[in-house]
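Tertiary structure, described
Here is how the chains run, residue by residue.
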Amino acid sequence: PCICTGGCGKTTLAKLLFNRLAPQFQHSALIELQHDERIGSQQVTSLLKQLGAEGFREGSPAGILLQKAQDYVRDKAVLIVVDNVWTPNQLDELLPRSFGQGSRIIITSRCSGPPHSEWWQKMNRQLKQCAIAELSSEAAVQLFRKSADLELSFQMPSKQLADIEEKLLKACKGLPLALKVTGSALRCNNRNGLEPGDQHEWEVIKC
């Protein structure tokens, strides 16, 4: 499981890992959850379909479908990625309790709730938790400037703009999503890059 704050790149990492690992498995599934999404037949059906299960009735109660998923994966090596878990019961209502040898289950979450789920407690000895560190100062500047269409080596045309950039970078706290959004908002249409007159636009974003 990967647990960290929103905007640190969990979803990007989850999709990257899935795309790289999926070819190594005959059965794989990527489930992306929404905030506080209630797990029901639709989500478990999606899991079954992606894993390649057959012979189940769509629209059946979620509990019956989950049992079908359990029976299906019991002796199979599967890859399951569940992105953006918000509440403990989401894991309990979506994932089987046992898997075939060689299976890999990847979970991302921004809250500390998942460890309190029954599923998590049962699988605890087999789980390894990872943390995504904030970007280094150098990497943050690189991402911010790339998003703003500025060269990494670009020299700010005024001390005021340089100071504002520093404050914006500090406010983003090394979070990739924040850096991308802020940089994109400042994307410059001027082919020659920023000019001293652009300070007002940057001041607005900073506020």
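About the cut-offs
- Residues numbered from 1 in each chain as written.
- Predicted model: local features only at pLDDT ≥ 70, side-chain atom pairs only at ≥ 80, totals over all residues.
- Heavy atoms only, no water.
- Helix = DSSP H or I, 4+ residues; strand = E, 2+ residues; numbered from the N terminus.
- Contact = heavy atoms within 4.5 Å.
- Areas by Shrake-Rupley, 256 points an atom, 1.4 Å probe, with all protein chains shown as cover.
- Axes fitted to C-alpha atoms, helices over the stretch in contact; angles between N-to-C directions.
- Nonpolar A, V, L, I, M, F, W, Y, C, P; charged D, E, K, R; others polar.
- Parallel < 35°, antiparallel > 145°, perpendicular 65-115°, else oblique.
- Left-handed = near helix turned anticlockwise from the far one by under 90°.
- Core = buried A, V, L, I, M, F, W, Y, C linked by side-chain atoms within 4.5 Å.
- Buried < 20%, exposed > 50% of the residue type's maximum accessible area, 1.4 Å probe, protein only.
- Phe/Tyr/Trp six-rings, centres within 6.5 Å; stacked < 30°, edge-to-face > 60°.
- Lys NZ or Arg CZ within 6 Å of the ring centre and 35° of its normal.
- Pairing = 2+ DSSP bridges.
- Right-handed = clockwise from strand over helix to strand, strands pointing away.
- Polar contact = N/O pair within 3.5 Å; in protein donor to acceptor, adjacent residues only side chain to side chain.
- Salt bridge = Lys/Arg side-chain N within 4 Å of Asp/Glu carboxyl O.

**Some details on the overall build of the chain**
Across its full length, the chain carries nine helices and four strands. For the chain, the N- to C-terminal ordering of α and β elements is β-α-β-α-α-β-α-β-α-α-α-α-α. Restricting the contact set of the chain to residue pairs at least 6 apart, pairs at least 24 apart contribute 67%. For the chain, the accessible surface area stands at approximately 12000 Å², while carbon and sulfur atoms represent 48% of it.

**Some words on the packing of helix 7 (residues 159–172) against helix 8 (residues 176–185)**
Helix packing geometry: the angle between the two helix axes and the distance between the axes. Between helix 7 and helix 8, the least distance of the axes is 9 Å, while the angle of their chain directions is 145 degrees. From helix 7, Leu168, Leu169 and Cys172 reach across to helix 8, where they touch Ala178, Leu179 and Thr182. When grouped by side-chain class, the residues that make up the contact of helix 7 with helix 8 number five nonpolar, one polar and no charged.

**Structural notes on the packing of helix 2 (residues 41–51) against helix 3 (residues 62–73)**
Two elements in contact, helix 2 and helix 3, have axes separated by 9 Å at closest approach and are oriented at 20 degrees. Relative to helix 3, helix 2 is oriented roughly parallel. Seen along the crossing, helix 2 lies across helix 3 with a hand that is left-handed. Touching Ser41, Val44, Thr45, Leu48 and Leu51 of helix 2 are Ala62, Leu65, Leu66, Lys68, Ala69, Tyr72 and Val73, all from helix 3.

**Description of the nonpolar core**
The biggest cluster of nonpolar side chains holds 24 residues, and the ones touching the most others in it are Leu47, Leu48, Leu51, Ile80, Val82, Leu94 and Leu95. Taken together, the elements giving at least two residues each to this core come down to strand 2 (27–32), helix 2, helix 3, strand 3 (78–85), helix 4 (88–94) and strand 4 (104–109). Not counting residues up to four positions away in its chain, the partners in contact with Ile80 are Ala29, Leu47, Leu51, Leu95, Phe99, Arg104, Ile105 and Ile106. Of all hydrophobic cores here, the second largest spans nine residues; its members include Ala140, Leu168, Cys172 and Leu186.

**Considering the packing of aromatic side chains**
In total, this model carries zero aromatic pairs according to the counting rule given. Sitting above the plane of the Tyr72 ring, Lys76 keeps its charged end 4.1 Å from the centroid.

**Considering the side chain of Gln70**
Within the secondary structure, Gln70 is located in helix 3. For Gln70, a relative accessible area of 8% corresponds to the buried category. Once residues lying within four places of it in the same chain are set aside, the contact partners of Gln70 are Pro96, Arg97 and Ser98.

**Considerations on the pairing of strand 2**
Of all six residues in strand 2, five are buried; the element is thus mostly enclosed. Alignment of strand 2 against strand 3, held across six bridges, turns out to be parallel. Bridging from a neighbouring strand, Ile31 pairs with Val82 of strand 3.

**Comments concerning the pairing of strand 3**
The element strand 3 is extensively covered by neighbouring structure, given that eight of its eight residues are classed as buried. Examined bridge by bridge, strand 3 and strand 4 share five bridges and lie parallel to one another. Of the residues in strand 4, the one forming a bridge with Val82 is Ile107. The handedness of the strand 3 to strand 4 crossover, carried by helix 4, is right-handed.

**A word on the side chain of Asn84**
Among the secondary structure elements, Asn84 is positioned in strand 3. Within the structure, the side chain of Asn84 is placed 3.1 Å from the side chain of Trp86, a separation counted as a polar contact.

**Observations concerning the pattern of salt bridges**
A side chain with one charge can pair with a side chain of the opposite charge if their charged atoms come near. Throughout the structure, instances matching the rule amount to six salt bridges. The shortest N-O distance in the salt bridge between Glu93 and Arg38 comes to 3.6 Å. Taken together, the positions of Glu93 in helix 4 and Arg38 in the loop between strand 2 and helix 2 put the pair 55 residues apart, joining distant regions of the chain. Exposure remark for Glu93: the relative accessible area of 22% places this residue in the partly exposed category. Note that Asp75 is salt-bridged to Lys76, the shortest N-O span being 3.6 Å.

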